[in-house]
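Each chain is listed here by its residues.
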Amino acid sequence: MEPNTKLVFVTLVLALTLTAATAQFCGMSAAGLYACRPYVQTKNPLTTPIDPKGPCCTALTNADDQCLCKQKTKTNPFLSGINLDLASKLPEMCGLSKVTC
């Protein structure tokens, strides 16, 4: 690979990484979604109490509830391995208002 090609490749990887890190999904950041995942995964979800001031609950305060509700009826590869029943209980576990879809 030529030096200029390497530079373009590295720049592209960095740009994609930054885009992914700042991505939003229904008002939640990718980091917030990742923080919530252990509590809602289909295999061996965490059953320990969630920290209401932790990153997952903080992310949920900005979530668009109706957008999240719509995901229940869509095929979304990002939600693969997520137990949507557990996910719907997360706001209450965080001390937030119950979400009704």
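An account of the accompanying structure is given in this report. (Residues numbered from 1 in each chain as written. Predicted model: local features only at pLDDT ≥ 70, side-chain atom pairs only at ≥ 80, totals over all residues. Heavy atoms only, no water.)

It is worth spelling out the layout of surface pockets at this point. Within this model, the largest pocket holds a volume of roughly 570 Å³. Along its surface, the largest pocket is lined by 28 residues, and M28, L33, L60, L68 and A87 are the ones closest to its centre. At the level of secondary structure, the elements contributing two or more residues to the lining of the largest pocket comprise α2 (30–40), α4 (65–70) and α5 (84–93). Per-element accounting of the lining of the largest pocket gives the leading share, 6 residues, to α2. (1 Å grid on protein atoms, 1.4 Å probe; cavity = no way out; pocket = protein on both sides within 12 Å on 5 of 7 lines; lining within 4 Å. Points joined across faces, edges and corners; volume = space filled by probe spheres on them. Helix = DSSP H or I, 4+ residues; strand = E, 2+ residues; numbered from the N terminus.)

Applying the stated criterion across every chain, the model contains 4 disulfides. In this model C36 forms its disulfide with C56; the gap between the sulfur atoms is 1.9 Å. The sign of the 105° torsion about the S-S bond sets the C36-C56 disulfide as right-handed. Of this pair, C36 sits in helix α2 while C56 sits in helix α3 (residues 55–60), and the two are 20 residues apart along the sequence. (Disulfide = S-S within 2.5 Å.)

Our focus in this paragraph is the nonpolar core. General note: in soluble globular proteins, nonpolar side chains tend to be found buried as a group. In this structure, M28, C36, I50, C56, L60 and L90 are the most contacted members of the largest nonpolar core, which totals 18 residues. Residue assignment for this core shows that the elements contributing at least two residues are α2 and α3. At 5 residues, the largest contribution of residues to this core is made by α2. Sequence-distant contacts of C36, defined by excluding residues within four places in its chain, comprise M28, C56, L60 and L90. (Core = buried A, V, L, I, M, F, W, Y, C linked by side-chain atoms within 4.5 Å. Buried < 20%, exposed > 50% of the residue type's maximum accessible area, 1.4 Å probe, protein only. Contact = heavy atoms within 4.5 Å.)

This part takes up unusual backbone geometry. A positive phi angle, near 55°, is found at C26, a position not held by glycine. Relative to the assigned elements, C26 resides in the loop between β1 (24–25) and β2 (28–29). Accessibility expressed as a relative area gives 9% for C26, which makes it buried.

Any link to function would need more than the numbers given here.
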